[in-house]
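So you can see what is in the structure, the chains are spelled out below.
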2 protein chains.
Amino acid sequence: MKRDSRLSSVLHALLHMAEHDGPMTSEALSKCLGTNPVVVRRTMGLLREAGLVASDRGHAGGWRIAVDLANVTLRQLHDALGEPAVFAIGNRHETPDCLVEQAVNAALDTAFAEAEALLLERFAEITLADLAADFARRHAARRAQRG
Amino acid sequence: MKRDSRLSSVLHALLHMAEHDGPMTSEALSKCLGTNPVVVRRTMGLLREAGLVASDRGHAGGWRIAVDLANVTLRQLHDALGEPAVFAIGNRHETPDCLVEQAVNAALDTAFAEAEALLLERFAEITLADLAADFARRHAARRAQRG
DNA sequence: GGGATATGTAACATATGAAGTTACATGAAA
DNA sequence: TTTCATGTAACTTCATATGTTACATATCCC
Ligand code: FES
Ligand code: FES
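Residues numbered from 1 in each chain as written. Chains lettered and ligands numbered in written order. Predicted model: local features only at pLDDT ≥ 70, side-chain atom pairs only at ≥ 80, totals over all residues. Heavy atoms only, no water.

### Some thoughts on the side chain of B:Ser30
Residues and elements named next belong to chain B.
Now for step 1: Along the chain, the position of Ser 30 falls in helix H2 (residues 26-33).
Now for step 2: In this structure Ser 30 comes out as buried when scored by relative accessible area, which is 2%.
Now for step 3: Filtering out sequence-adjacent residues up to four positions away, Ser 30 remains in contact with Thr 35, Asn 36, Pro 37 and Val 40. (Helix = DSSP H or I, 4+ residues; strand = E, 2+ residues; numbered from the N terminus. Buried < 20%, exposed > 50% of the residue type's maximum accessible area, 1.4 Å probe, protein only. Contact = heavy atoms within 4.5 Å.)

### Considerations on the protein's contact with DNA strand C
Now for step 1: With respect to spatial proximity, 29 residues lie near DNA strand C, and among them A:Arg41, A:Arg48, B:Ser5, B:Thr35 and B:Arg57 are the closest.
Now for step 2: Each atom of DNA strand C within 4 Å of the protein belongs either to a base or to sugar and phosphate, the latter forming 63%.
Now for step 3: A:Ser26 is positioned with one of its backbone polar atoms (N or O) 2.7 Å from a phosphate oxygen of DNA strand C.
Now for step 4: Contact between DNA strand C and B:Gly58: a base nitrogen at 3.1 Å from a main-chain N or O atom of the residue.
Now for step 5: If you list the elements that add at least two residues to the surface near DNA strand C, you get helix H3 (37-49), strand E1 (53-56) and strand E2 (62-65) of chain A together with helix H3 (37-49) of chain B.
Now for step 6: In terms of residue count, H3(A) provides more of the surface near DNA strand C than any other element does, four residues in total. (Near = heavy atom within 4 Å. Polar contact = N/O pair within 3.5 Å; in protein donor to acceptor, adjacent residues only side chain to side chain.)

### Overview of the relation of the copies chain B and chain A
Now for step 1: The operation relating chain B to chain A is a screw motion whose rotation component is 180°, with 0.0 Å of axial translation and a residual RMSD of 0.1 Å. Look at the turn and shift together and you get a two-fold axis relating the two.
Now for step 2: Interface overlap between copies is the fraction of interface residues in one copy that are interface residues in the other; for chain B against chain A it reaches 100%, indicating a shared surface. (Least-squares fit on C-alpha atoms with pLDDT ≥ 70 in both.)

### Section: helix H6 (residues 128-146) of chain B
Now for step 1: Relative to the 27 Å expected for 19 residues at 1.5 Å per residue, H6(B) spans 27 Å between its end C-alpha atoms, a close match to the ideal helical length.
Now for step 2: Restricting attention to buried positions, one finds in H6(B) the residues B:Leu128, B:Leu131, B:Ala132, B:Asp134 and B:Phe135. Taken around the axis of H6(B), the buried residues stretch over an arc of 160°, which confines them to a single face. Within H6(B), the exposed residues directed more than 90 degrees away from the buried face are B:Arg137 and B:Ala144.
Now for step 3: Looking at the buried residues of H6(B), the elements they touch are helix H5 (99-125) of chain A together with helix H1 (6-19) and helix H4 (74-80) of chain B.
Now for step 4: Residue B:Gly147 follows H6(B) closely and has a positive phi angle near 120°. (Expected span 1.5 Å × (residues − 1). Arc of directions from axis to C-beta.)

### A short note on the interface of chain B and chain A
Now for step 1: Each partner contributes residues to the interface: chain B has 54 residues there, and chain A has 54 residues.
Now for step 2: Roughly 4900 Å² of surface becomes buried between chain B and chain A when both sides are summed, with 66% attributable to carbon and sulfur atoms.
Now for step 3: On the chain B side of the interface with chain A, the three residues burying the most area are B:Ile89, B:Arg92 and B:Leu99, jointly 15% of the side's total.
Now for step 4: In this assembly, chain B and chain A are joined by two salt bridges.
Now for step 5: Between A:Arg122 and B:Glu114 there is a salt bridge; the shortest N-O distance is 2.6 Å.
Now for step 6: The tally of links between chain B and chain A comes to 19 residue pairs in polar contact (both at pLDDT 80 or more).
Now for step 7: At the level of secondary structure, the elements contributing two or more residues to the side of chain B that touches chain A comprise H1, H4, helix H5 (99-125) and H6 of chain B.
Now for step 8: The element contributing the most residues to the side of chain B that touches chain A is H5(B), with 18 residues.
Now for step 9: Considered class by class, the residues forming the side of chain B that touches chain A number 29 nonpolar, 13 polar and 12 charged. (Buried area = accessible area lost by both parts, 1.4 Å probe. Salt bridge = Lys/Arg side-chain N within 4 Å of Asp/Glu carboxyl O. Nonpolar A, V, L, I, M, F, W, Y, C, P; charged D, E, K, R; others polar.)

### Considerations on empty space enclosed by the protein
Now for step 1: Considering all chains together, one arrives at two cavities of 30 Å³ or more under this definition.
Now for step 2: Together, A:Asp4, A:Arg6, A:Leu7, A:His78, A:Leu81, A:Pro84 and B:Ile89 line the largest cavity.
Now for step 3: Residues belonging to the lining of the largest cavity are distributed by class as follows: four nonpolar, one polar and two charged.
Now for step 4: Counted as a void, the second largest cavity has a volume near 30 Å³.
Now for step 5: As for the second largest cavity, its lining consists of A:Ile89, B:Asp4, B:Arg6, B:Leu7, B:His78, B:Leu81 and B:Pro84. (1 Å grid on protein atoms, 1.4 Å probe; cavity = no way out; pocket = protein on both sides within 12 Å on 5 of 7 lines; lining within 4 Å. Points joined across faces, edges and corners; volume = space filled by probe spheres on them.)

### Details of the nonpolar core
Now for step 1: Core analysis: the biggest nonpolar cluster contains 83 residues, and A:Leu47, A:Leu77, B:Leu47 and B:Leu77 have the highest contact counts within it.
Now for step 2: Not counting residues up to four positions away in its chain, the partners in contact with A:Leu77 are A:Leu7, A:Leu11, A:Leu14, A:Leu47, A:Leu52, A:Val72 and A:Leu128. (Core = buried A, V, L, I, M, F, W, Y, C linked by side-chain atoms within 4.5 Å.)

### Some remarks on the packing of aromatic side chains
Now for step 1: All told, the structure shown has five aromatic pairs over all chains when counted by the stated rule.
Now for step 2: On the numbers, 5.9 Å between centres and 80° between planes, the contact of A:Phe123 with B:Phe112 is edge-to-face. Of this pair, A:Phe123 sits in helix H5 while B:Phe112 sits in helix H5, each in a different chain.
Now for step 3: Aromatic ring contacts, followed pair by pair, group A:Phe87, A:Phe112, A:Phe123, B:Phe87, B:Phe112 and B:Phe123 into a single cluster. (Phe/Tyr/Trp six-rings, centres within 6.5 Å; stacked < 30°, edge-to-face > 60°.)

### Quick look at the environment of B:His12
Now for step 1: Assignment of secondary structure puts B:His12 in helix H1.
Now for step 2: In this structure B:His12 comes out as buried when scored by relative accessible area, which is 3%.
Now for step 3: Setting aside residues up to four positions removed in sequence, B:His12 forms contacts with A:Cys98, A:Val100, A:Glu101, A:Val104, B:Cys32 and B:Leu33.

Structure below.
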């Protein structure tokens, strides 16, 4: 299965935007992420629908963060992306007639639901500001190491 | 992403085998699972390597369970299948140079690791005997419902 | 106004990987 | 020695995340 890396991508993009003065174009972000401008627009468009970023066309246009970094959690970003499926493992059929399969599905579903709940809980605890701070810490550490 | 449904499949197969006297052929299991005999062999072969099932060729051959149902957990089955990736979501690059991406990855990896640990913990708590009992319960319930 | 620049979006192409399929070798039982 | 079953390689199919092309639309600057 090919993994959905959009959450990772938008986080990278958002932190980049946070460090940057003024709006950033899809072109600039795509170069940064090593992808394509249209992919950036497609993904960032979902964040715009959620009100997390804003975009402007034309000269001096591009993408800007529309909210306070401290008020945006990874959970909100996950939701903005359409709550994509978390697991690469799943049941063969969702609503089987076979009682054996029903018993199997029930057991697996419970375990998956608990794990997903924990994941989303952790996501809800992490804000963009936390990540920005972590980045600043790493940045300082690298500078110290070099000099 | 296409989900890996092998765990669900082998559970279905194993419970079926548990209810059945004597070995079951790949052909019979594949009809039950709605798949192909070769897929069954391929998947069950992994369980055989882990010592959970045994296979015999020729007349009256097929697959049999090689261990006590109460001693096999979902975790063991997951491991036998090669510990496939649990998540459909992941980082863009695993070991990026960019410090922003490193900060992002670190945060996501921690959350994913915790969720995976919980999932595997739950898997380790559930035995095939538990599932067989749950099946029996559902079976009785259906019979009661029917009169 | 008109050219330049940026997003918005549809349509199509590519890449990856799970699952399915075909073909044939190997081995065991009758 | 025929039949039935697994073992396995090679190939095909299918789903889908991502990448790409093309063009419409909106905005800014001159
Ligand atoms: S911050 Fe731009 S490449 Fe990572
Ligand atoms: S037990 Fe055989 S079809 Fe489910």
